[in-house]
Amino acid sequence: MLKIFKSVKEWRAFRQRDQFFGKTIGFVPTMGNLHLGHRALIERSVRENDFTVLSIFVNPTQFNNREDLEKYPRTQEADIRMVEGVRADYILMPEYDCLYPDDYTYRVQESVISKFMEGRSRPGHFDGMLTVVLKLLQLVRATRAYFGEKDYQQLQLVRGLVDAFFIDTEIVACSTVRDENGLALSSRNSRLSEGDYDKAVQFAKILQSEKSSKAVCERLDEMGIEVDYIEDGSGRRFGAVNVGGVRLIDNYDLKVNEKVERE
Ligand code: PAJ
């Protein structure tokens, strides 16, 4: 039976129980509004561990834009039903004060990877993300934690975080889940109008199809899609655009295209 914890204190007491001794725990941190991308992470955790813990917390410290935070979709009941359906065991749903007893006077900062791409466009975003992930990893003390490649820079930063602070949780990367038109699933997609949805699909297609990042920029520009950045690095191509006021990010492995071209 799924058990929900709103109190950090209660969860910490529960986590001490003998039932966890010698067992594996999988952890999937989320901000809710769960879709099939999140579900793939949860299902993998359920398959690979004795227990699965999920967190649902819309973390205000990682939003650099107040409107984005206010508009972030909150769908608690549907989320709980989905988690029950995939047989996860526990959900942590703390309030801000519970998770931030210090009111964010203590925070984690990374000074290299976090300065590019998302970090450059969203000042303070990665400080808030790393801080909340550190808090959650300390609370759950999981064997494995599951993160999506959709947010690749986040994944790299979390890997660096566990190495830097000697956290005994293995970070597992999960591939990006896309819809039938190739658009990476995201909680923000629900805010796209029909016309903007088509543009978002074009963004995903063009990002993968053009040879150079410059050509991607030009094609998107021609389509009237506002580009934030298109960059190649670590064998991947990364892109961020603004479609009808909705910020979309995506990335893919450049080697996959090379392989297709050779065949
Ligand atoms: P959120 O956007 O809810 O995403 C939770 C996890 O789901 C992240 O690891 C994200 O990369 C993964 N995810 C989202 N869309 C995906 C998709 N289409 N395919 C595969 N995985 C996908 O990322 C966050 O929340 C927050 O920053 C968080 C880590 C919870 C810290 O607040």
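Quick notes on the rules
- Residues numbered from 1 in each chain as written.
- Predicted model: local features only at pLDDT ≥ 70, side-chain atom pairs only at ≥ 80, totals over all residues.
- Heavy atoms only, no water.
- Near = heavy atom within 4 Å.
- Polar contact = N/O pair within 3.5 Å; in protein donor to acceptor, adjacent residues only side chain to side chain.
- Areas by Shrake-Rupley, 256 points an atom, 1.4 Å probe, with all protein chains shown as cover.
- 1 Å grid on protein atoms, 1.4 Å probe; cavity = no way out; pocket = protein on both sides within 12 Å on 5 of 7 lines; lining within 4 Å.
- Sits in = over half its atoms within 2 Å of the grid points.
- Helix = DSSP H or I, 4+ residues; strand = E, 2+ residues; numbered from the N terminus.
- Pairing = 2+ DSSP bridges.
- Right-handed = clockwise from strand over helix to strand, strands pointing away.
- Axes fitted to C-alpha atoms, helices over the stretch in contact; angles between N-to-C directions.
- Salt bridge = Lys/Arg side-chain N within 4 Å of Asp/Glu carboxyl O.
- Contact = heavy atoms within 4.5 Å.
- Buried < 20%, exposed > 50% of the residue type's maximum accessible area, 1.4 Å probe, protein only.
- Domains from an automatic or database assignment.
- Buried area = accessible area lost by both parts, 1.4 Å probe.

Draft legend 1. The arrangement of the site of the ligand in detail. Near the ligand, the surroundings consist of 21 residues, among which Gln-62, Asp-151, Gln-154, Val-177 and Leu-185 are the closest. Gly-148 is positioned with one of its backbone polar atoms (N or O) 2.9 Å from an oxygen atom of the ligand. Against a free-state accessible area of 630 Å², the protein chains account for coverage of 95% of the ligand. Cavity membership is defined here by more than half of the atoms lying within 2 Å of grid points; on that basis the ligand lies in the largest cavity. Put simply, the parts of the chain that give the shell around the ligand at least two residues each are strand 2 (25-30), helix 2 (36-48), helix 7 (125-140) and strand 5 (144-148). Looking at the shell around the ligand element by element, the count peaks at three residues for helix 2.

Draft legend 2. Inspection of the pairing of strand 6 (residues 170-174) at higher detail. Here five bridges tie strand 5 to strand 6, and the two strands are oriented parallel to one another. For Gly-148, the partnering residue across the bridge sits in strand 6 and is Cys-174. Since strand 5 and strand 6 lie parallel, the crossover through helix 8 (residues 152-164) that links them has a hand, and here it is right-handed.

Draft legend 3. Representation of the sheet that holds strand 4 (residues 90-92). The strand order across the open sheet formed by six strands is 1-4-3-2-5-6, and the pairing between neighbours is parallel. Each of the sheet's edge strands pairs with one partner strand only, and the pair in question is strand 1 (3-5) and strand 6. The average undirected angle you get between the axes of adjacent strands in this sheet is 25 degrees.

Draft legend 4. Spotlight on the pattern of salt bridges. Inspection of the entire model under this criterion finds 18 salt bridges. With a shortest N-O distance of 3.7 Å, Arg-236 and Glu-149 are connected by a salt bridge. Taken together, the residues Arg-236 in strand 8 (residues 236-243) and Glu-149 in the loop between strand 5 and helix 8 connect sequence positions 87 residues apart. Each of Glu-118, Arg-122, Asp-228 and Arg-247 takes part in salt bridges that share partners, so that together they form one network.

Draft legend 5. Structural view of the sheet that holds strand 9 (residues 246-253). The three strands are arranged 7-8-9 in an open sheet whose pairing can be described as antiparallel. Taken across any chain shown, the strands that pair with only one partner, and hence form the sheet edges, are strand 7 (226-233) and strand 9. When strand polarity is set aside, the average angle formed by the axes of neighbouring strands in this sheet is 10 degrees. Examined bridge by bridge, strand 7 and strand 8 share seven bridges and lie antiparallel to one another. Note that in strand 8 the partner of Glu-226 across the bridge is Asn-242. In the packing of helix 10 (residues 213-222) onto the sheet, contacts are made with strand 7 and strand 8, and the angle to strand 7 comes to roughly 165 degrees.

Draft legend 6. Molecular detail of the pairing of strand 9. Of all eight residues that make up strand 9, six are buried, and the element is covered over most of its length. Looking at chain direction, strand 8 and strand 9 are connected through eight bridges and run antiparallel. Bridge pairing in strand 9 places Arg-237 opposite Tyr-252. Where strand 8 folds back on strand 9, the antiparallel hairpin that results is connected by two residues, among which Gly-244 adopts a positive phi of roughly 55 degrees.

Draft legend 7. A look at the domain arrangement of the protein chain. The assigned domain composition of the protein chain is domain 1 (3-174) and domain 2 (187-253). Distance between the C-alpha centres of domain 1 and domain 2: 26 Å. Taken together, the 19 residues of domain 1 in the interface contact 14 residues of domain 2. Both sides together, the interface formed by domain 1 and domain 2 hides about 1,500 Å², and carbon and sulfur atoms give 45% of it.

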